[in-house]
Amino acid sequence: MSRNTKINGLLLLLVAALAVLPIALGMGEGKEEPFTGADAQAETAITELKPDYEPWFSPLYEPPSGEVESALFALQAALGAGVLAYYFGVRKGRRQGAALAAAAAGAPDTAGASDTAAAES
């Protein structure tokens with residue numbers, strides 16, 4: 001097994017552990033919504049500290065349910081990952097194309113130079 005395969009396997013196990021351990025250890029027990037986002041936790045903390053606080057703006061769009069909100073967030077994450085994957089794919093393709101073009105341009109020159117050197121001697 002190559003070194004890269006071992007590292008990738010270790011990273012995969014680490015990610016799986018990060019996803020499973022909080023649930024397995026019961027870190028969210030006793031809460032109504034154990035794994036809420038930072039926005040909801042901040043809102044709860046603000047209302048506990050200052051109950052008469054009123055936000056100075058309201059959202060442009062309020063999703064009808066938590067499921068729709070989660071679906072929109074997943075869609076946003078998928079679109080972002082697609083844009084990043086496209087960018088890195090184009091970048092790698094350009095690099096490979098440049099290397100291929102350099103190799104193709106360099107191959108006739110080196111062959112021609114060695115033929116010329118052999119003919120001169």
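Here the structure is a predicted model, which means the values were calculated and not measured.

Peer 1: Hey, could you go over the packing of aromatic side chains for me, with residue numbers and the actual values?
Peer 2: In the structure shown here, the tally under the stated rule is two aromatic pairs. Taking 5.0 Å as the distance between ring centres and 65° as the angle between the ring planes, the aromatic pair formed by Trp56 and Phe57 counts as edge-to-face. According to the relative accessible area criterion, Phe57 is exposed, its value standing at 58%. The interplanar angle of 65° and the centroid separation of 5.2 Å between the aromatic rings of Tyr87 and Phe88 together place this pair among those described as edge-to-face. By relative accessible area, Tyr87 is classed as partly exposed at 46%. Taking the relative accessible area as the measure of exposure, Phe88 reaches 47% and is therefore partly exposed.

Peer 1: Break down the confidence of the model for the protein for me, citing the residues and quoting the values.
Peer 2: On average, the protein scores 83 in pLDDT, and the residues at 70 or more come to 80%. At the low end of the mean pLDDT range in the protein sits helix α3 (residues 66-120), at 82; at the high end sits helix α1 (residues 3-24), at 92. The low-confidence segment residues 110-114 (pLDDT under 50) makes zero contacts with residues lying over four places distant or belonging to another chain.

Peer 1: Tell me about α1, residues and numbers included.
Peer 2: Taking 1.5 Å per residue, 22 residues should reach 32 Å; α1 reaches 30 Å between its end C-alpha atoms and fits that length. At Leu18, α1 shows its maximal bend, which comes to roughly 25°, and the proline Pro22 appears one to four places after that position. With zero of 22 residues buried, α1 is to be regarded as a mostly surface element. With its phi angle positive at about 70°, Gly26 sits one or two positions after the end of α1.

Peer 1: Give me a negative patch on the surface: which residues, what numbers.
Peer 2: On the surface, Asp39, Glu43, Glu62 and Glu69 cluster together into a patch of negative charge. By secondary structure assignment, the location of Asp39 is in helix α2 (residues 38-49).

Each value, and the rule that gives it
- Residues numbered from 1 in each chain as written.
- Predicted model: local features only at pLDDT ≥ 70, side-chain atom pairs only at ≥ 80, totals over all residues.
- Heavy atoms only, no water.
- Phe/Tyr/Trp six-rings, centres within 6.5 Å; stacked < 30°, edge-to-face > 60°.
- Buried < 20%, exposed > 50% of the residue type's maximum accessible area, 1.4 Å probe, protein only.
- pLDDT = per-residue confidence, 0-100.
- Helix = DSSP H or I, 4+ residues; strand = E, 2+ residues; numbered from the N terminus.
- Contact = heavy atoms within 4.5 Å.
- Expected span 1.5 Å × (residues − 1).
- Bend = angle between axes of the 7 residues up to and from the residue.
- Patch = residues over 30% accessible without salt bridge, like charges linked within 9 Å, V, L, I, M, F, W, Y side chains within 5 Å.
- Areas by Shrake-Rupley, 256 points an atom, 1.4 Å probe, with all protein chains shown as cover.
- Salt bridge = Lys/Arg side-chain N within 4 Å of Asp/Glu carboxyl O.
- Lys, Arg positive; Asp, Glu negative; His and termini not counted.
- Charge placed at Lys NZ, Arg CZ, Asp CG, Glu CD.

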